Amino acid sequence: MLTLALDTATPRASCALVRDGELLGERESRAVAVLVAAEELLAENGLVPGDLDRIVCGTGPGSFTGIRIGLATARTLALALDLSLAGVSTLAALAAGAPGALPVIDGSRKEVFTLAEGDPVVMRPEELVLEPGMLCVGDGAVRYRALLERAGAEVPSDASELHVVRARFHVALAAGFGPAERVEPLYLRVPDAEKALGS
Amino acid sequence: MILAIETSCDETAAALLDGSGRLCANVVSSQAELHARFGGVVPEVASRRHLELIVPVLRAALEEAQTTLDEVDLVAVTQGPGLIGALLVGIAAAKAIAWSRRLPLVPVDHLLGHVAALYLDPPALEPPFLCLLASGGHTLLLEVREHASLRLLGTTLDDAAGEAFDKGARLLGLGYPGGAAIDRRAREGDASAYAFPVARVGGFDFSFSGLKTALLYEVRGLSPGELASRRADLAASYQHAIVRALVEQTLRAAKEIGAGQIAVAGGVGANSELRSVLEGAALVPLELCTDNAAMIASAARFLEPLQPSGYLGLDAYASRQLA
Ligand SMILES: [Zn+2]
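The structure presented is a predicted model; accordingly, all values stated were derived computationally and were not measured.

What am I meant to see in the overall build of chain B here?
Looking only at helices and strands, chain B features eleven helices and ten strands. Overall, the C-alpha framework of chain B stretches about 60 × 45 × 30 Å when taken along its three principal axes. For chain B, the proportion of its 323 residues judged to be buried stands at 60%. Taking the contacts inside chain B whose residues are at least 6 apart along the sequence as the reference set, 70% of them involve residues at least 24 apart. Surface exposure of chain B reaches about 12,300 Å², of which carbon and sulfur atoms provide 50%. Once the 26 positive and 36 negative side-chain charges of chain B are each reduced to a mean point, those two points are 4 Å apart.

Here's what the structure looks like:
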């Protein structure tokens, strides 16, 4: 079973190739270049896209444009190769790479995406419920390091691998493979124009 | 067979064009209703909708052409100009199809696409010709010497013609999109009721902001009841001023460069007054005036396809590349 996983929700997009639980390779790229990474991974292993059996895609939260690049790519790959697709939350994958840590993704606009009692939420970093010594990972944790550390949390060094979303974890977490359109984006925020209209 | 995708603004579109230039499918899923309550296109709302629609629209196009991706040997996609977030949905989808099926891909400029709608049959136009390209985002006079080579002669200094229609429709309370609404209402009105100014600017450029201001002052001076009774006359006079500006500059440019043929493309090319005034001009069929993927497929026939190493990292561009 050959699986291609990709997550383009954060500025450091990730792509992984996994065969029956064994990681064949993983690449980092910009979101728009995620297929450059996929092509390299397949070529290195003497494979072509037609060899793929399943697709896994990070659904966010993160950059809205990044999420859409990933989902448009994954859904269309599933359509073109007639494969099933599974979505995995970017927060869940980030957390899987740093067991016990709280994933904190930069949401821009002075907000972060994180998990609250297991559910993905958007909030201001000051609103995070932190316990002393709690480990926080992700580009949001790096960005708001000073604030989080003041609140007693621990944030690994900026260069730590723990802050980066890695697509191999999506493969490990993936479940419920199905038709392309069933995998939905996780924006966690309505467009500003909707908000303005609603208020 | 060429499979083309277009997502530069608020239409999610896919088309299939066969080797003999026959259009086998042309699916356009318009988001106009979605954006009507905002009075214009909201980029984030449009981009979200593109993602929802892209796979269903692709499926619909294949179904309409009664074909499969096995028959496709070239993929084309709009690279820009347009809304970056919207373009990237189409580009990601196009790359995924081309890459997974080992096909070449052609990135197409949206404006060349509008012109290339003229190469489809009808009107199956051949260069050289002078093209007025007027839409919600652009108002351009282009000298087209070869299929894929456009020379810019003039453009708008402020609003695009389609934008002028949208803003005018909003002032008149006619809703969005404004072009079709004004066109419809203008048919019941007297185009000579109001003498709206037509800006005369240098070269072959256009300007519509003064016209919009003139309409604003007229509307402000009317009570709601008066506005209701004068709405058709205002729409007709306002439309007449826009069309006159477009036609005057187009005819001047045609004379200057000695163009034997004039053509009209873009969404404003659907305007009934413009179509009737520019007698003898080559016109894009109504359904291909507004954004669609058939025009992108048409343009792709005259461009160099890229291999995966050239397109896998392809990015979108937001603004006009034509100098
Ligand atoms: Zn257009």
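What should I look at first to understand the overall build of chain A in this one?
Looking only at helices and strands, chain A features seven helices and nine strands. For chain A, the C-alpha radius of gyration of 17 Å lies close to 16 Å, the compact-globule estimate for 199 residues. Along the first, second and third principal axes, the C-alpha atoms of chain A reach 50 × 40 × 25 Å. Of the contacts made within chain A by residues no fewer than 6 positions apart, 60% connect residues no fewer than 24 positions apart. In the structure as shown, chain A presents an accessible area of about 8,200 Å², 52% of it carried by carbon and sulfur atoms. If you average the places of the 18 positive and of the 27 negative side-chain charges in chain A, the two averages end up 5 Å apart.

Any chance you could explain the coordination of the zinc ion here in plain terms?
Think of it this way: four donors in a tetrahedron around the metal ideally sit 109.5 degrees apart, and six in an octahedron ideally sit 90 or 180 degrees apart. All names here are of chain B. Binding of the zinc ion to the protein goes through His110 (NE2), His114 (NE2) and Asp291 (OD), at separations of 2.1 Å. Summarised as a motif, the one-chain spacing of the donors to the zinc ion is H-x3-H-x176-D. With a gap of 177 residues between them, histidine 114 in helix H4 (residues 110-116) and aspartate 291 in the loop between strand S10 (282-283) and helix H10 (294-300) connect regions that are remote in the sequence. Residues histidine 114 and aspartate 291 agree in their burial class; the two are buried.

I keep staring at the pairing of strand S7 (residues 139-146) of chain B and nothing clicks. Help me out?
A regular strand places its side chains on the two faces of the sheet in alternate fashion. Residues and elements named next belong to chain B. Within S7, six of the eight residues are buried, which leaves it mostly tucked inside the rest of the structure. Bridging between strand S6 (residues 129-134) and S7 involves six bridges; their strand directions are antiparallel. Counterpart to alanine 134 in the pairing with S7 is threonine 139. The turn joining S6 and S7, which pair antiparallel and follow one another in sequence, is formed by four residues. Two strands pair when backbone bridges link them, and S7 and strand S8 (residues 149-155) are joined in this way by six bridges, in the antiparallel orientation. Residue pairing across strands places valine 144 opposite leucine 150, the latter belonging to S8. Between S7 and S8, which pair antiparallel in sequence order, lie two residues.

Explain the sheet that holds S8(B) here, please?
Residue and element names in this part refer to chain B. Overall, mixed pairing links the five strands, which are arranged S8-S7-S6-S9-S10 in an open sheet. Taken across any chain shown, the strands that pair with only one partner, and hence form the sheet edges, are S8 and S10. In the packing of helix H8 (residues 224-257) onto the sheet, the strands contacted are S6, S7, S8 and strand S9 (262-265), and the crossing angle to S6 comes to about 155°.

Looking at this structure, how should I read the interface of chain A and chain B?
Think of interface size as the accessible area that goes away when the parts come together; that is how it is often given. Tallying the contact residues gives 32 residues for chain A and 30 residues for chain B. Together, the buried faces of chain A and chain B total about 2,900 Å²; carbon and sulfur atoms form 69% of this surface. Our count for the contact surface shared by chain A and chain B stands at five salt bridges. Where chain A meets chain B, there are nine residue pairs in polar contact (both at pLDDT 80 or more). Put simply, the parts of the chain that give the side of chain A that touches chain B at least two residues each are helix H1 (34-44), helix H2 (64-81) and helix H7 (192-198) of chain A. Ranked by the residues each element gives to the side of chain A that touches chain B, the list is headed by H2(A), at 13 residues. For the side of chain A that touches chain B, the residue count by class is 22 nonpolar, three polar and seven charged.

Would you mind going over the packing of helix H6 (residues 178-186) of chain B against H8(B) with me for this structure?
The geometry of a pair of packed helices is captured by two quantities: the angle between their axes and the separation between those axes. All names here are of chain B. Packing of H6 against H8 leaves a shortest axis separation of 8 Å and a crossing angle of 115°. Read as a crossing pair, H6 and H8 show a hand that is left-handed. Contacts from Ile182, Asp183, Arg185 and Ala186 in H6 reach Arg231, Ala232, Ala235, Ala236, Tyr238 and Gln239 in H8. Along the lines of polarity and charge, the residues of the contact of H6 with H8 split into six nonpolar, one polar and three charged.

Honestly, a negative patch on the surface in this entry has me stumped. Any pointers?
A cluster of acidic side chains, namely Asp20(A), Glu22(A), Asp51(A) and Asp53(A), defines a negative patch on the protein surface. Judged by relative accessible area, Asp20(A) falls into the exposed class, the value being 59%.

Would you mind going over the pattern of salt bridges with me for this structure?
Side-chain pairs of opposite charge can arise where the charged atoms are in close proximity. What the rule picks out here adds up to 33 salt bridges over all chains. The salt bridge involving Arg102(B) is made with Glu39(A); its shortest N-O contact spans 3.4 Å. Of the two residues, Arg102(B) sits in the loop between helix H3 (84-100) and strand S5 (105-109) while Glu39(A) sits in helix H1, which places them in two different chains. Asp18(B) is the partner of Arg22(B) in a salt bridge, and the nearest nitrogen-oxygen pair spans 3.3 Å. Under the relative-accessibility criterion, Arg22(B) is labelled exposed at 51%. Salt bridges here are not isolated pairs; linked through shared partners, they connect Arg12(A), Glu28(A), Glu161(A) and Arg166(A).

Help me out: how do you make sense of the domain arrangement of chain B in this one?
Residue and element names in this part refer to chain B. Split into domains, chain B comes out as domain 1 (2-121 + 289-300) and domain 2 (129-283). Put simply, the middle of domain 1 and the middle of domain 2, counted by C-alpha atoms, are 27 Å apart. Contact with domain 1, which involves 16 residues of that partner, is made by 24 residues of domain 2. In total, about 1,400 Å² of surface goes out of reach between domain 1 and domain 2, with carbon and sulfur atoms giving 77% of it. Area buried by domain 1 at its contact with domain 2 is led by Leu118, Tyr119 and Cys289, which between them contribute 37% of it. Summed over the shared surface of domain 1 and domain 2, the number is zero salt bridges.

Mind showing me how you'd approach the nonpolar core here?
The nonpolar side chains of soluble globular proteins are, as a tendency, buried together. Counting residues in hydrophobic clusters, the biggest one holds 73 residues, and the most contacted among them are Leu4(A), Leu17(A), Leu52(A), Leu16(B) and Trp99(B). In contact with Trp99(B), other than residues within four places in its own chain, are Leu4(A), Leu35(A), Ala38(A), Glu39(A), Leu42(A), Pro49(A), Leu77(A), Tyr311(B) and Leu312(B). In terms of nonpolar packing, the next biggest core, distinct from the first, is built from 42 residues, Ala169(B), Phe208(B), Ile242(B) and Ala253(B) among them.

I'm lost on the environment of Ala124(B) in this one. Help?
Residues and elements named next belong to chain B. Assignment of secondary structure puts alanine 124 in the loop between H4 and S6. Considered as a pair, alanine 124 and leucine 322 are 198 residues apart in the sequence and their alpha carbons are 24 Å apart. Setting aside its immediate chain neighbours within four residues, alanine 124 contacts Leu118 and Tyr119.

The rules behind each value
Here the residue numbers are simple positions, counted from 1 along each chain's written sequence. Key to labels: chains lettered from A, ligands numbered from 1, both in the order written. Predicted model: local features are reported for residues with pLDDT of at least 70 only, side-chain atom pairs are reported and counted for 80 or more only, and whole-chain, interface and lining totals are derived from all residues. Derived side-chain values reflect all non-hydrogen atoms in the structure, with water molecules and hydrogen atoms excluded from consideration. Only DSSP runs of H or I covering at least 4 residues are called helices, and only runs of E covering at least 2 are called strands; the numbering of each starts at the N terminus. Buried, partly exposed and exposed residues are distinguished by accessible area as a fraction of the type maximum, computed with a 1.4 Å probe on protein chains only: under 20%, between the cut-offs, and over 50%, respectively. Two residues form a contact once any of their heavy atoms are found within 4.5 Å. Note on areas: these come from Shrake-Rupley sampling with a 1.4 Å probe, and a residue is covered only by the protein chains present in the view. Positive charges come from Lys and Arg alone, negative charges from Asp and Glu alone, with His and the N- and C-terminal ends not counted. Every charge is mapped to an atom, namely NZ of Lys, CZ of Arg, CG of Asp or CD of Glu. In this description the radius of gyration comes from C-alpha coordinates, and the expected globular size is given by 2.2 Å times residues to the power 0.38. Ligating atoms shown are N, O and S within 2.8 Å of the metal, or 3.2 Å for Na, K and Ca, and water is not included, meaning a site may look less than complete. We call two strands paired when DSSP finds no fewer than two bridges between them. Geometry is summarised by axes, namely lines fitted to C-alpha atoms with helices restricted to the contacting stretch, and by angles between N-to-C directions that run from 0 to 180 degrees. Summed over both partners, the accessible area (1.4 Å probe) lost when two parts come together is defined as the buried area. For this analysis, a salt bridge means a side-chain nitrogen from Lys or Arg found within 4 Å of a carboxyl oxygen belonging to Asp or Glu. Polar contacts here mean pairs of N or O atoms no more than 3.5 Å apart (in protein, one a potential hydrogen donor and the other a potential acceptor; neighbouring residues in sequence count only if both atoms are side-chain atoms). Charged means Asp, Glu, Lys or Arg here, nonpolar means Ala, Val, Leu, Ile, Met, Phe, Trp, Tyr, Cys or Pro, and polar covers whatever is left, Gly included. Here a crossing is called left-handed whenever its near helix is offset anticlockwise from the far helix by less than a right angle, and right-handed whenever the offset is clockwise. Each patch is built from salt-bridge-free residues with over 30% relative accessible area, joining like charges within 9 Å and nonpolar side chains (Val, Leu, Ile, Met, Phe, Trp, Tyr) within 5 Å. Domain start and stop points were drawn from an automatic or database domain assignment. Residues belong to a common nonpolar core when they are buried Ala, Val, Leu, Ile, Met, Phe, Trp, Tyr or Cys residues joined through side-chain atoms within 4.5 Å.

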